[in-house]
Amino acid sequence: MTPYRLHPIQLIAYSFLSIALFLWLMQVGAFILVPLIWGVFFAFALYPISNWLETNRFPRGLAIASSLVLVSIIGAAIFYLLINQMILLIADIPEIGTKLNEKLMDFWQQIETNLGIIVFDDAEKTPSLDWLPLDNLNNTIFSTGKSITLIGIIPLFVFLLLYYKDFFIEFLLKASSRQNEAILKWVSDSGQVIHAYLIGMVKVTFLVAVMAGIYFHFIGIKYYLLFALFIAIMNLIPYIGVIISSILVIFYVFLTSDSFLLPILTLVVLWGIQLLENNLITPLVVGSKVKVNVLAVVLAILIGGGIWGISGMILFIPLIGILKITFDRIPELQPYGYLLGDKFPVLEKNENFIRLLRKKWSKK
């Protein structure tokens, strides 16, 4: 009896349906999956600390708890600093709104004077900030409470994952009795990707925060620590986060300064920091552990943001790297691993002028 084979169109349709169902389940189960995956990532990141403590005669539970307490203290200090600066910034919002109104009025008056166009009547020259979305306070409070709940669950997942790590390894060995080495190699490679990505991004975030903080302090921004950390944290979201954070910071500099030169200088400096981070800091610190191409990263950011929001935009980058490792381990799926990778030929009709200049320069 010959086995039934699906038609290629049926196979494609079933594949798309499976992917759609999988993404829908991820979105529905976000309340459980997001803290669980964060827990897995942090467990890999904290494993060297807890393992070192356990090697030095600490009980496993105490070693894991000590690692969590250490990281929690550092995180709580940063969080307190952010909240303190944010409260002071919120208190200055009326003053910032007044300056915004003044700058808008000066702008419209310049248009009326130079072009002779009446933009507002005298009765209308009372711009206000009624367009601020203050009616979404309930949704904001609910989302904040939900986020705090998720953050509180993550340490529990980290503790349990580290405490039962031998149990999970034994499960993998039992589930794949014929391919123990391949499974353990996949787990090891995936763990290296997660660990290198998280630890590397923490270092990159610190360096970006220091550079931005020094510049903001030098030009006299009142809340330079808040904006430096904001720039650095948003930098975790490649391409998109940097643009959003830079626009907001430049807008604040524009409102709080009397010169157009300072916002332009801020744009140039932030752009320079971004170039330095992309081309020097990240390649040296993070390395090339997440070997996926830019198109795959952008798609991962968009899909992750649509499913899990900010967490998805961050988590889906190493997840796509793990997916590539998985595809590379399965012969039938290796073409898809190649599709996600960063090693591909660029075929051009003619040799471009950049390569020609390099050849001429190398001959000198």
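Residue indices follow the written sequence of each chain, beginning from 1 at its first position. With pLDDT at 70 or above as the cut-off, local features in this predicted model cover only qualifying residues; side-chain atom pairs require 80 or more to be listed or tallied, and sums for whole chains, interfaces and linings still use all residues. Side-chain measures were taken over the full set of non-hydrogen atoms in the model, leaving aside hydrogen atoms and water.

What am I meant to see in the pattern of salt bridges here?
Once their charged atoms are close, side chains differing in charge can pair, the charge on each being opposite to the other. Salt-bridge detection follows one rule: a side-chain nitrogen of Lys or Arg within 4 Å of a carboxyl oxygen of Asp or Glu. Scanning the entire structure with this criterion turns up four salt bridges. Note that Lys165 is salt-bridged to Glu54, the shortest N-O span being 3.5 Å. One end of the pair, Lys165, is in helix H6 (residues 165-175); the other, Glu54, is in helix H2 (residues 30-55), with 111 residues separating them in the sequence. Looking at Lys165, the relative accessible area reads 17%, which means it is buried. Linking Asp166 and Arg60 is a salt bridge whose minimum nitrogen-to-oxygen distance equals 3.0 Å. Within this pair, whereas Asp166 is found in helix H6, its partner Arg60 is found in helix H3 (residues 60-91), the two being separated by 106 residues in sequence. Only runs of H or I of at least four residues qualify as helices and only runs of E of at least two qualify as strands under DSSP, and these elements are numbered from the N terminus. Whether a residue is buried, partly exposed or exposed follows from its accessible area with a 1.4 Å probe, protein chains only, as a fraction of its type maximum: under 20%, in between, or over 50%, in that order.

What is the right way to read a nonpolar patch on the surface from this model?
Taken together, the side chains of Ile240, Ile244, Leu248, Leu295, Leu299, Leu302 and Ile303 make up a nonpolar region of the molecular surface, amounting to roughly 620 Å² of accessible area. Breaking the nonpolar patch down by element, the ones donating at least two residues are helix H9 (240-256) and helix H11 (294-308). A per-element tally of the nonpolar patch places H11 first, with four residues. As for its position among the elements, Leu295 is in helix H11. Surface patches are defined over residues having more than 30% relative accessible area and no salt bridge, joining like charges when they lie within 9 Å and nonpolar side chains (Val, Leu, Ile, Met, Phe, Trp, Tyr) when within 5 Å. Per-residue and other accessible areas follow the Shrake-Rupley method at a 1.4 Å probe size, with only the shown protein chains counted as cover for residues.

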